[in-house]
Amino acid sequence: MLAIRVDELGKAFRGRPALNGLSADFAPGTLHGLIGPDGAGKSTLLRLLAGLLRPTTGRIEYRRETAPLPWDAVRPRLAYMPQTQSLYADLSVGEHLDFFRDLHAVPEDAYRPRRDRLLRLTRLAPFVDRPAGQLSGGMYKKLGLMCALIASPDVLLLDEPTNGVDPVSRREFWDLLYELRNDGLLVILATAYMDEAERCDRAWLLDAGRWIAHGPPREVLEREGVAGFAELFIRQGLP
Amino acid sequence: MSEPAVLTEGLTVRFGNFTAVDGVSLRVERGEIFGFLGANGAGKTTTIRVLTGLLAPTAGRVEVAGLTFDHGADAIKARVGYMSQKFTLYTDLTVAENLEFAAALRKIPAGVFRERSRDLLRFIDFRDRADVLVRDLPGGLKQEVSLVAALLHDPEIVFLDEPTAGVSPSARVRFWELIRGLAARGKTVFVTTHYMDEAGECGRIALMRAGALIALGTPRELKDRAFPEPLYDLHFPAAPPAGWRNDLAAAGTVQPHGLRWHVAVRDPRRWEDLLARWGTAARARRIEASLEDVFLRWVESPA
């Protein structure tokens, strides 16, 4: 299983800084929530971790046990789910899974049980023949997650995976995240839901590219003397 | 009674043999902030597409701003504003260009457009330059500009489909100030959201499940009806006692809320015994149901 350490990580776009000297440790089998106002740098951080952007300063280190891993070994172990996802409207749930199996060259004997488990965990088995274009918002997000998981990654990077997902589906989605975390995956997600931040092992509050607060949610809230993260946002005068 | 803003009787929409909206009857008064809740796929957006004149119902009666589909879909469209969930603005056009384009589609005379866009941009307290590209706006502001675009033709009723999905907590608070501002200006606001704290801001709420309306009332009424039994907020300051989940399940139903749990107590004796046994390991206090509690209870199980 993979761990990630970021050290004094910075990113600037055309000279405008988006992230400033972020350091953090992300251990396997833990679930991390990134929160912060629009434009704080949450998506930029996830894209950097996913290898889609290169840091301007500082470094990202991926490790297995204690050994640093080269990028070529890391890349197939990472899954990234962007905020707006492009699935194929006219392909069914089952066809998507087959397609991503082919894309990641997953061997058939590993694929079958994984596919069955994911369909069971997401409760999408009854909809296996339904085209993605006709799925509800919550189901669509779950399909996106399954496509990301079909290669059995060690790290799952999710950019606001539950936007527009109703409270019941959101709960099911979280049950699924806990299962994956308990399997040893490192899960890092950005969220606009403050109750989700409380459900993570560690919450990271980002503003203007810097950490404002981070740690186990309960400790952060106690330290700041607030009842919840929404109150912390308002207290800090975040936009 | 005065003429309602929206009236449906037995509204039904079928796609092939799939019934998306199943006999929905509701009445929204003018000037109301009306919340429309339900799980993904419950039929909310389909209902809104009918009420905005975009989709003719398969069966049932629909009246919007006093008009029916017999008056023509265009007549309805002229009286309503619609901020859709998927598409709102062209991200590669500026704020001004987006508004001009929306005004041109609505055939708003230039003089009227200038006055309204100035008034509406002031209403949202827009301080950026109008020549900024929409893709460079933060998410919260983008939604506010979308609202302006939906209001340019001065509609009587505004339909907002998940206007705050994915925007920051502070931006959500701001957006709801605008919604209250619209109601104060006499507009009827019909809004969907998956944030239950926002639903509490509505005057009345309709809850949809699988195409059918399963509850309709003020937030207070829905809470009282959904939870006849007492509800408690429970948390464990340190590690929870062994077997707590099973023990609790015997006393009531449990839902996670962030770091805490909400327990609807079915068996008060068992509950008291448990609390006595756990002592200081558990902290519980009686609470009022939230709309999230209501939603989870009714959408997951039959009302």
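All values reported here derive from a predicted model rather than from experimental measurement.

A. Quick look at the overall build of chain B. For chain B, the helix and strand inventory stands at 11 helices and 13 strands. When burial is assessed residue by residue, chain B has 43% of its 303 residues classed as buried.

B. Broad picture of the overall build of chain A. Looking only at helices and strands, chain A features 9 helices and 10 strands. Over its C-alpha atoms chain A spans a radius of gyration of 18 Å, differing by no more than 12% from the 18 Å that the globule rule assigns to 239 residues. Its C-alpha atoms give chain A principal-axis dimensions of about 50 × 40 × 35 Å. A buried classification covers 41% of the 239 residues belonging to chain A. A separation of at least 24 residues holds for 72% of the contacts in chain A among residues at least 6 apart in sequence.

C. Expanded view of the environment of A:Gly237. Residues and elements named next belong to chain A. Tracing the chain through its elements places Gly 237 in the segment after α9 (229-235). The exposure class of Gly 237 is exposed, given the 8 C-beta atoms found within 10 Å. For the pair formed by Gly 237 and Met 139, sequence separation is 98 residues and the distance between their alpha carbons is 35 Å.

D. Spatial organisation of the packing of helix α9 (residues 244-251) of chain B against helix α10 (residues 268-278) of chain B. Residue and element names in this part refer to chain B. The interhelical angle for the contact between α9 and α10, taken along N-to-C directions, is 150 degrees, at an axis separation of 8 Å. Here α9 is positioned roughly antiparallel relative to α10, judged by the angle of their axes. For the pair α9 and α10, contact is made by Asp 247, Ala 250 and Ala 251 and by Arg 270, Trp 271 and Leu 274, respectively.

E. Broad picture of the interface of chain A and chain B. Taken together, the contacts link 27 residues of chain A with 25 residues of chain B. Listing elements by their share of the side of chain A that touches chain B, those giving two or more residues are α5 (137-149), α6 (167-182), α7 (194-198), α8 (217-224) and α9 of chain A.

F. A look at the sheet that holds strand β1 (residues 6-15) of chain B. Residues and elements named next belong to chain B. What the 3 strands build is an open sheet, ordered β2-β1-β4; its pairing is antiparallel. Each end of this open sheet is capped by a strand with a single partner; those strands are β2 (18-28) and β4 (59-64). Averaged over neighbouring strand pairs, the angle between their axes works out to 25 degrees when direction is ignored. Relative to β2, β1 runs antiparallel, the two sharing 7 bridges. For Val 6, the partnering residue across the bridge sits in β2 and is Val 28. On top of the sheet, helix α1 (residues 44-51) reaches β1, β2 and β4; it is set at about 120 degrees to β1, its chief contact.

G. Quick look at the domain arrangement of chain B. Residue and element names in this part refer to chain B. The assigned domain composition of chain B is domain 1 (6-217) and domain 2 (226-300). Distance between the C-alpha centres of domain 1 and domain 2: 37 Å. If you list the elements that add at least two residues to the side of domain 1 that touches domain 2, you get α7 (196-199), β8 (204-209) and β9 (212-217). Here the side of domain 1 that touches domain 2 is composed, by residue class, of 7 nonpolar, 1 polar and 1 charged.

H. Structural view of unusual backbone geometry. Residues and elements named next belong to chain B. Despite not being glycine, Ala 65 has its phi angle at roughly 50 degrees, a positive value. With respect to the helices and strands, Ala 65 occurs in the loop between β4 and α2 (73-79). Among the residues examined, Ala 65 registers 20 C-beta atoms within 10 Å and is labelled buried. Non-glycine residue Lys 107 carries a positive phi angle of around 55 degrees. Residue placement: Lys 107 occurs in the loop between α3 (95-105) and α4 (110-123).

I. Main features of the pairing of strand β1 (residues 2-13) of chain A. Residue and element names in this part refer to chain A. Where β1 and strand β4 (residues 57-64) come together, 7 bridges link them in antiparallel fashion. Paired with Ile 4 across the strands is Tyr 62, a residue of β4. Counted along the chain from β1 to the antiparallel partner strand β2 (residues 16-26), the turn is 2 residues long, and its residue Arg 14 has a positive phi close to 45 degrees.

J. Spotlight on α1(B). All names here are of chain B. α1 sits mainly inside the fold: 8 of its 8 residues count as buried. Within α1, burial applies to Lys 44, Thr 45, Thr 46, Thr 47, Ile 48, Arg 49, Val 50 and Leu 51. Gly 53 sits one or two residues past α1 and shows a positive phi near 80 degrees.

K. Fine view of the sheet that holds strand β3 (residues 31-35) of chain A. All names here are of chain A. Across the sheet, which stays open at both edges, the 6 strands sit in the order β6-β7-β8-β3-β9-β10 with mixed pairing between neighbours. Bordering the open sheet on either side are β6 (78-81) and β10 (210-215), each of which pairs with just one other strand. Looking at each pair of strands side by side, their axes are set apart by 15 degrees on average, direction ignored. Here β3 pairs with strand β8 (residues 186-190) via 4 bridges, running parallel. Directly across from His 32, in β8, lies its bridge partner Ile 188. Contacts from helix α1 (residues 42-49) reach β3, β6, β7 (155-159), β8 and β9 (202-207), with the element oriented near 150 degrees to β8. Across the face of the sheet, α8 comes into contact with β9 and β10 while running at roughly 110 degrees to β10.

Definitions and limits used
Residues numbered from 1 in each chain as written. Chains lettered and ligands numbered in written order. Predicted model: local features only at pLDDT ≥ 70, side-chain atom pairs only at ≥ 80, totals over all residues. Helix = DSSP H or I, 4+ residues; strand = E, 2+ residues; numbered from the N terminus. Buried ≥ 20, exposed ≤ 12 C-beta atoms within 10 Å, placed from the backbone. Rg over C-alpha atoms; globule rule 2.2 N^0.38 Å. Contact = placed C-beta atoms within 7 Å. Axes fitted to C-alpha atoms, helices over the stretch in contact; angles between N-to-C directions. Parallel < 35°, antiparallel > 145°, perpendicular 65-115°, else oblique. Pairing = 2+ DSSP bridges. Domains from an automatic or database assignment. Nonpolar A, V, L, I, M, F, W, Y, C, P; charged D, E, K, R; others polar.

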